[in-house]
Amino acid sequence: MPSLSCHNLLELAAADEAPLPSPTPLRLPRVMSVASPASPTSPSSPAPLRRVIVSHRLPLRAAPDPAAPFGFAFTVDSGTVAYQLRSGLTANAPVLHIGTLPAVAAEAASDELSNYLLANFSCLPVYLPSDLHHRFYHGFCKHYLWPLLHYLLPLTPSSLGGLPFQRTLYHSFLSANRAFADRLTEVLTPDEDLVWIHDYHLLALPTFLRKRFPRAKVGFFLHSPFPSSEIFRTIPVRDDLVRALLNADLVGFHTFDYARHFLSACSRLLGLDYQSKRGYIGIEYYGRTVTVKILPVGIDMGQLRSVVSAPETGDAVRRVTEAYKGRRLMIGVDDVDLFKGIGLKFLAMEQLLVDHPELRGRAVLVQIANPARSEGRDVQGVQDEARAISARVNARFGTPGYTPIVLLDGPVTPQEKAAYYAAAECCVVSAVRDGLNRIPYIYTVLRQESDALGDDTPKRSVIVLSEFVGCSPSLSGAIRVNPWSVESVAEAMNAALRMPEAEQRLRHEKHYKYVSTHDVAYWARSFDQDLQRACKDHFSRRHWGIGFGMSFKVVALGPNFRRLSVEHIVPSYRRTENRLILLDYDGTVMPENSIDKAPSSEVISVLNRLCEDPKNRVFIVSGRGKDELSKWFAPCEKLGIAAEHGYFTRWSRDAPWETSSLAADFDWKKTAEPVMQLYTEATDGSSIEHKESALVWHHQEADPDFGSCQAKELLDHLENVLANEPVVVKRGQHIVEVNPQVRHQQRRGGGEPPVVHGQDGEGAGLCAVHRRRPVGRGHVREHRVPVQCQREAPGHQRGVRLHRGQEAEHGQVLPGRHGGRD
Ligand SMILES: O=P(O)(O)OC[C@H]1O[C@H](O[C@H]2O[C@H](CO)[C@@H](O)[C@H](O)[C@H]2O)[C@H](O)[C@@H](O)[C@@H]1O
């Protein structure tokens, strides 16, 4: 949701706005409501997908009016991002908004009101009982989650601002999110709708939605910061929340920092790594790829322009300019909350006047404080502090007719607000933390487009900007400051006021170019396109829900995937005369997380029973070395072993080891090993595994982020130094491995060798019964019937290679961890 500053400013533009045009007649449940009358869908083109925009509040305003239906005059709130984003969506795509009513109208809840709002505004209200809504919003959201996302830890129960985590409030949060899912369930057509969820209030919603609609197309944009994982991990239900985001298909953030903190939380909490492919960041999660998008929200240029061009605004600009003639005017506009740093800004203003006496009597900071959005001691504290500091500074430096800090914390008309923006030579945003903060964007546009000051004057601007707000990276011409350093902010204000006009123009031009091209429509279009892209494979995949409650997730598998059924497998097994059974070891025969990696006596006994059947050929397939495997499986006389991914093969305990003739020359190790050694020394917790045929660098025990970063670097490094060697360098789960290049060959004695080595060294998680029939000289056709596969861990999902270029025909291949061993 946009800040009130913007909201108020845009009231002007919205004042004459009629309800949204052309609603379709009401059809419930599964409603398609039309957003705009423009460009009717041609009969040949498929109907555009409906966009379902879900936000805590509907983009509506309500004014009590006894004469109006339901006692309220409802109008569109064009200051909200939820409404503004429509300008970026396909013109003829239907849009439906889902959210709660404006607080003032909450008591008006009824089915009739729902029908009315749906028909007239494409808005479908979610009704929350008032006590639940209060606990959800003022309790969990505003006094736990919001402060924490802004780096405020509730260190003591009486901390100002942040309440300690309370499970009962969390349950209210979940109940409210579930109520949103209930509403969505009434109207959602998963094949025809794109769902776009907004902000931290609805963090849990993707899980509730995914549970009901495994193939729903779900995007989520977090308007707040995503804090460093050190902070995020203090949340007792952190896994629930991260998993919930991963139940979306596309997760959007304003900045790279927020995205990287999220990726880090995924890595540290769930062991998930990400990949960057063709410019997109993707996290593999149980066979689904969750795309991470980074793009800050922009402003609504059209609406701002209509504000600027309103005659009342021009009058107000002239009034303000006249009132501050001869002064050096700076503007600040902030919501009243703990993070906007209003008190610190006032201290900086005081410091400016202390350090630069020549500015006394001249420099003025007009600070507009928007009405508080929340309630409590924290909000009161911010208000009291702002008033106290400004009063003190004004008493110290003010003179008759000169007030250094003008604090406007009562009602300010949108015209006045626009006028202050347009008239000020500098805008100061010194929030200590903010998701984005669109104030500098608005300021830039008003300075550019307001011509009430004459042609030239407004075409320059300077922004003093906190480096802890999301818009900072996009405004490279701003004077960036650490808002906690009063002296630095004071010096930045001074630099702004002294900046040569030519430089002010250059900085302004740069900002205006960015802000006017990266507006809210641009952002919405881009998110919408990426969401469609992220969901394009939904219908060609099979989905299974697993896990309970907030741990719920969906496993997505390829179209050829067949669920193993005992009814199918057992008869098939019985009918087969000649079976090849390939058993992956780590993670399949042995659980991935077992401390003792040696096979249990039960495993040995099961293997021996399988081997007893003369129709069976049983192989253990592993990336482990032959000595270790020989020792472990010494009790299994008839068991075949493929060690080091098939580099060594043995048909039974007493048969000799056959060595692949791939490589007799291991000189490349002399190059690879010192490089790996370098990374091992530099990466605490990493180690090298020496195999006869391969070298593997493990970083499972290293810091996840650093280990993964080093692995990428090592891969690159090894590929370079080994470019001319007959080896393959690859990354797996927590490993970087160098193997000889694979070439298949005829087995001595004529028969085909067992096809056992995954050439990519991946943990397969597949056990297969193979029937092998000769189909011609030297050729064998395989009929594979996998008999068992289970992997709990999330990870990459790839077809398991049993034979060059072929994939299991009926394979149940669940996502498996890629380890260096198997
Ligand atoms: O106060 P809430 O109802 O909980 O809403 C939270 C804030 O939402 C909006 O700000 C957020 O989105 C903005 C646009 O992406 C972004 O600029 C800002 O940094 C985010 O915090 C709203 O503008 C704020 O007033 C709300 O406090």
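Since the structure is predicted, the reported quantities are computational estimates derived from the model, not experimental observations.

Colleague: When you look at the packing of aromatic side chains in this model, what are you seeing that I'm missing?
Modeller: Given two aromatic rings, their pairing is described by the distance between the two centres and the angle made by the two planes. Tallied over the entire structure, the rule returns 33 aromatic pairs. A centroid spacing of 5.6 Å and a plane angle of 45° characterise the contact between phenylalanine 140 and tyrosine 170, whose relative ring orientation is tilted. Of the two residues, phenylalanine 140 sits in helix H4 (residues 130-149) while tyrosine 170 sits in helix H5 (residues 167-187), which places them 30 residues apart along the sequence. On the basis of relative accessible area, phenylalanine 140 is assigned to the buried category, the value being 1%. Relative accessible area serves as the criterion here: at 1%, tyrosine 170 is assigned to the buried category. When the centroid spacing of 6.1 Å and the interplanar angle of 90° are considered together, the rings of phenylalanine 226 and phenylalanine 253 count as edge-to-face. With phenylalanine 226 in the loop between strand S7 (217-221) and helix H7 (229-232) and phenylalanine 253 in strand S8 (residues 250-253), this pair connects stretches of sequence that are 27 residues apart. Across this residue pair, the class does not change: phenylalanine 226 and phenylalanine 253 are buried. A network of ring pairs unites the aromatic residues Phe136, Phe140, Tyr144, Phe165, Tyr170 and Phe173 as a single cluster. Taking the ring centre of tryptophan 146 as reference, the NZ or CZ of lysine 142 above it sits at 3.8 Å. The ring of tyrosine 151 is capped by arginine 433, whose NZ or CZ atom sits 3.6 Å from the centre of that ring.

Colleague: Help me understand the side chain of asparagine 370 in this model?
Modeller: Mapped onto the elements of the fold, asparagine 370 is located in strand S13 (residues 363-370). On the accessibility criterion, asparagine 370 (2% relative accessible area) is buried. Looking at asparagine 370, its side chain comes within polar contact range of the side chain of lysine 417, at 3.0 Å.

Colleague: I keep staring at the packing of helix H8 (residues 238-246) against helix H9 (residues 256-270) and nothing clicks. Help me out?
Modeller: The relative placement of two packed helices is expressed as an angle between their axes plus a distance between the axes. Interhelical geometry of H8 versus H9 gives an angle of 120° and a closest axis separation of 10 Å. Judged by the inter-axis angle, H8 sits oblique to H9. For the crossing formed where H8 meets H9, the hand is left-handed. Contacts between H8 and H9 involve Arg238, Asp239, Val242, Arg243, Leu245 and Leu246 from the first element and Phe262, Ala265, Cys266, Leu269 and Leu270 from the second. Of the residues contributing to the contact of H8 with H9, the split by class is eight nonpolar, no polar and three charged.

Colleague: What exactly am I supposed to notice about the side chain of histidine 543 here?
Modeller: Assignment of secondary structure puts histidine 543 in strand S18 (residues 542-546). Those residues within four positions of histidine 543 in sequence are excluded, and the remaining contacts are Pro214, Arg215, His538, Val554, Val555 and Ala556.

Colleague: Explanation requested: the sheet that holds strand S5 (residues 123-125) in the structure shown.
Modeller: The mixed open sheet is built from nine strands, whose spatial order is S5-S4-S1-S6-S7-S8-S11-S10-S9. For this open sheet the edge positions go to S5 and strand S9 (274-277), each flanked by a neighbour on one side alone. The average angle at which neighbouring strand axes cross in this sheet is 25°, direction not considered. The sheet contact formed by S8 and strand S11 (residues 288-294) spans four bridges and is parallel. Paired with phenylalanine 253 across the bridge in S11 is isoleucine 294. This element, helix H3 (residues 111-121), spans strand S4 (95-100) and S5 of the sheet and lies at about 160° to S5.

Colleague: Would you mind going over the packing of helix H12 (residues 342-355) against helix H16 (residues 486-498) with me for this structure?
Modeller: Packing of H12 against H16 leaves a shortest axis separation of 8 Å and a crossing angle of 65°. For H12 against H16, the interelement crossing comes out right-handed. Mapping the contact onto sequence places Leu344, Lys345, Leu347, Ala348, Met349, Gln351, Leu352 and Asp355 in H12 and Val486, Glu487, Val489, Ala490, Glu491, Met493, Asn494 and Leu497 in H16. Residue composition of the contact of H12 with H16, grouped by class: ten nonpolar, two polar and four charged.

Colleague: Sorry if this is basic, but what is going on with the sheet that holds strand S27 (residues 727-732) here?
Modeller: Paired through their backbone hydrogen bonds, the strands of a sheet run either parallel or antiparallel. The antiparallel open sheet is built from four strands, whose spatial order is S25-S26-S28-S27. Both outer strands of the open sheet, strand S25 (687-690) and S27, are each paired with one neighbouring strand and no more. Each neighbouring strand pair of the sheet contributes to a mean axis angle of 15°, computed without reference to strand direction. Note: S25 against strand S26 (residues 695-698), four bridges, orientation antiparallel. Residue isoleucine 688 lies in a different strand from S26, and its bridge partner there is tryptophan 697. Against the sheet, helix H23 (residues 704-721) contacts S26, S27 and strand S28 (735-740), and its axis sits at roughly 170° relative to S27.

Colleague: Honestly, the environment of valine 589 in this entry has me stumped. Any pointers?
Modeller: Note that valine 589 resides in the loop between strand S20 (579-584) and helix H20 (601-612). Apart from residues no more than four positions distant in its own chain, valine 589 is found in contact with Leu583, Asp584, Val603 and Ile620.

Colleague: How should the pattern of salt bridges be read in this particular structure?
Modeller: When the charged atoms of two side chains with opposite charge come close together, those side chains can pair. With the rule as written, the count across this model stands at 37 salt bridges. Two residues, glutamate 350 and arginine 396, come together in a salt bridge whose shortest N-O distance is 2.9 Å. One end of the pair, glutamate 350, is in helix H12; the other, arginine 396, is in helix H13 (residues 377-397), and 46 residues separate them in sequence. Taking the relative accessible area as the measure of exposure, glutamate 350 reaches 9% and is therefore buried. A salt bridge links glutamate 358 to arginine 498; its shortest N-O distance comes to 2.4 Å. Here glutamate 358 is found in the loop between H12 and S13, whereas its partner arginine 498 is found in helix H16, with 140 residues between them in sequence. With relative accessibility at 43%, the residue glutamate 358 sits in the partly exposed group. Relative accessible area serves as the criterion here: at 46%, arginine 498 is assigned to the partly exposed category. Each of the salt bridges in this network shares a partner with another, and the network as a whole consists of Arg210, Asp249 and Arg288.

Colleague: Looking at this structure, I do not really get the nonpolar core. What am I missing?
Modeller: Within soluble globular proteins, side chains that are nonpolar generally end up buried alongside one another. In terms of nonpolar packing, the biggest core is built from 91 residues, with Met330, Ile331, Met349, Leu352, Val366 and Trp523 touching the most fellow members. The contacts of valine 366, once residues within four sequence positions are left out, are Tyr324, Leu329, Met330, Ile331, Gly332, Val406, Leu408 and Tyr420. Membership of the second largest hydrophobic core comes to 78 residues, among which are Phe140, Trp146, Leu205 and Leu270.

Colleague: Help me out: how do you make sense of the pairing of S26 in this one?
Modeller: Every regular strand shows the same layout, with side chains that alternate between the two sheet faces. Here S26 shows a buried face lined by Leu695 and Trp697 and a second buried face lined by Val696 and His698. The hairpin turn running from S25 into S26, its antiparallel successor, is four residues long. Where S26 and S28 come together, four bridges link them in antiparallel fashion. Paired with histidine 698 across the strands is isoleucine 735, a residue of S28.

Quick notes on the rules
- Residues numbered from 1 in each chain as written.
- Predicted model: local features only at pLDDT ≥ 70, side-chain atom pairs only at ≥ 80, totals over all residues.
- Heavy atoms only, no water.
- Phe/Tyr/Trp six-rings, centres within 6.5 Å; stacked < 30°, edge-to-face > 60°.
- Helix = DSSP H or I, 4+ residues; strand = E, 2+ residues; numbered from the N terminus.
- Buried < 20%, exposed > 50% of the residue type's maximum accessible area, 1.4 Å probe, protein only.
- Lys NZ or Arg CZ within 6 Å of the ring centre and 35° of its normal.
- Polar contact = N/O pair within 3.5 Å; in protein donor to acceptor, adjacent residues only side chain to side chain.
- Axes fitted to C-alpha atoms, helices over the stretch in contact; angles between N-to-C directions.
- Parallel < 35°, antiparallel > 145°, perpendicular 65-115°, else oblique.
- Left-handed = near helix turned anticlockwise from the far one by under 90°.
- Contact = heavy atoms within 4.5 Å.
- Nonpolar A, V, L, I, M, F, W, Y, C, P; charged D, E, K, R; others polar.
- Pairing = 2+ DSSP bridges.
- Salt bridge = Lys/Arg side-chain N within 4 Å of Asp/Glu carboxyl O.
- Core = buried A, V, L, I, M, F, W, Y, C linked by side-chain atoms within 4.5 Å.

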